[in-house]
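# Notes for the structure review
Chain residues, written in single-letter form:
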Amino acid sequence: MSDGAPAGRVRVRDVAPDDRETWAELYRGYRDFYEKPHDPAVYDTVWGWLTDPAHQTRGLIAEVDGTPVGLAHYRAYARPIYGDSGLYLDDLFTAPDARGTGAGTATLHRLAEIARDEGASLVRWITDESNTTARSLYDRVATLTPWVTYDLRPAE
């Protein structure tokens, strides 16, 4: 893929049931980036969520000239302090050879459209501080927040 592809070449669509192999290949690239193991049970679980209309997790596939090159996983969440809802972007990935094609930008724009259509007030996500390639995109299309993230494990 070449850098600077015209935006018209990029299409972002919902994950479809016949995307399993393509999605798994992209998800593998995402998990490799974050150095996560490739547990088949995780793939089965996440794919099950994406293909279950009753589950909150939804997915998008970004295509350049009809070739899948990226994915996004997202879900709605409540924002009680504002009395509204938002979309939370859990995962966003573009294959390394497709970076610079506009697939990531198009995916974020599609999420903003979904948020608008569903009455959500924003799309929120986190990324690793060292993820400079993605952050250069995020800094162009979104606002960096001052919030600090914590994780609390379940009680034993």
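You'll find the structure just up there.
Note on numbering: residues in each chain are counted from 1, in written sequence order. In keeping with the model being predicted, local features are shown solely for residues with a pLDDT of at least 70 and side-chain atom pairs are shown and tallied solely at 80 or more, while totals for entire chains, interfaces and linings include all residues. Values reported for side chains reflect all heavy atoms of the structure, with hydrogen atoms and water molecules removed beforehand.

## Focus on the pairing of strand 4 (residues 84-94)
Under the scheme applied here, a residue whose accessible area is under 20% of the maximum for its type counts as buried, over 50% as exposed, and between as partly exposed, the area being computed with a 1.4 Å probe on protein chains only. Helical segments are the DSSP runs of H or I of at least four residues, strand segments are the runs of E of at least two, and each set is numbered from the N terminus. Of all 11 residues making up strand 4, eight are buried, and the element is well covered by its neighbours. At least two DSSP bridges between two strands are needed for those strands to be called paired. Pairing analysis gives 10 bridges linking strand 3 (residues 67-79) to strand 4, with the strands arranged antiparallel. By the bridge assignment, Tyr74 is partnered in strand 4 with Leu89. The pairing of strand 4 with strand 5 (residues 123-124) spans two bridges and is parallel.

## A few points about the packing of helix 3 (residues 103-118) against helix 4 (residues 132-141)
Every axis in this analysis is a line fitted to C-alpha atoms, fitted for helices over the stretch in contact. Angles between the N-to-C directions lie between 0 and 180 degrees. Two numbers describe how helix 3 lies on helix 4: the axes approach to 11 Å, and their chain directions differ by 45°. Here helix 3 lies oblique to helix 4, going by the angle between them. With respect to the hand of their crossing, helix 3 and helix 4 are arranged in right-handed fashion. Contact with helix 3, carried on its side by Gly104, Thr105, Leu108 and His109, involves Leu137, Tyr138, Arg140 and Val141 of helix 4 and no other residues of that element. The residue inventory of the contact of helix 3 with helix 4, partitioned by class, reads four nonpolar, three polar and one charged. For classification purposes, angles smaller than 35 degrees are called roughly parallel, those larger than 145 roughly antiparallel, those between 65 and 115 roughly perpendicular, and all remaining angles oblique. Each crossing gets its hand from how the near helix is turned against the far one by less than a right angle, where anticlockwise is left-handed and clockwise is right-handed. A contact between two residues is defined here by any heavy atoms of the two lying within 4.5 Å. Charged residues are taken to be Asp, Glu, Lys and Arg, nonpolar residues to be Ala, Val, Leu, Ile, Met, Phe, Trp, Tyr, Cys and Pro, and polar residues to be all remaining types, Gly included.

## Describing helix 3
A helix's residues, less one, multiplied by 1.5 Å, set its expected span. With 16 residues, helix 3 ought to run about 22 Å at 1.5 Å a step, and its terminal C-alpha atoms sit 22 Å apart, in line with that. Taken as a whole, helix 3 has its buried residues at Ala103, Gly104, Thr107, Leu108, Leu111, Ile114 and Ala115. Taken end-on, helix 3 shows its buried residues confined to a sector of 135°, consistent with a single buried face. Those residues of helix 3 that are exposed and aimed more than 90 degrees away from the buried face are Arg116 and Asp117. Along its buried surface, helix 3 packs onto strand 1 (10-14), strand 2 (58-64), strand 3, strand 4, strand 5 and helix 4. Note on helix 3: the residue one or two positions beyond its end, Gly119, has a positive phi of about 75°. Of all possible arcs, the one meant is that of the directions from the helix axis to the C-beta atoms.

## Comments concerning the pattern of salt bridges
Put simply, a salt bridge is a Lys or Arg side-chain nitrogen that is within 4 Å of an Asp or Glu carboxyl oxygen. Counting across every chain of the model gives 10 salt bridges. Here Glu63 makes a salt bridge to Arg13, at a shortest N to O gap of 2.8 Å. Of this pair, Glu63 sits in strand 2 while Arg13 sits in strand 1, and the two are 50 residues apart along the sequence. Accessibility expressed as a relative area gives 8% for Glu63, which makes it buried. Two residues, Arg79 and Asp84, come together in a salt bridge whose shortest N-O distance is 3.7 Å. In the salt-bridge network here, residues are joined through shared partners; they are Arg11, Arg13, Asp19 and Glu63.

## A closer look at the side chain of Arg31
Secondary-structure assignment places Arg31 in helix 1 (residues 20-33). His is not counted, nor are the chain ends, whereas Lys and Arg count as positive and Asp and Glu as negative. Of the buried charged residues, Arg31 lacks a salt bridge, with Asp39 as the closest side chain of opposite charge at 6.8 Å. Not counting the four nearest positions on each side in its chain, Arg31 is found in contact with Lys36, Pro37, His38, Val42 and Tyr43.

## Points about the pairing of strand 3
As judged from the seven bridges shared by strand 2 and strand 3, these two strands associate in the antiparallel manner. Paired with Gly59 across the strands is His73, a residue of strand 3. Linking two consecutive strands that pair antiparallel, namely strand 2 and strand 3, is a turn of two residues; a positive phi of about 50° is found at Asp65 within it. With antiparallel pairing between neighbouring strands as the criterion, strand 3 and strand 4 make up a hairpin whose turn holds four residues, including Gly83 at a positive phi of roughly 65°.

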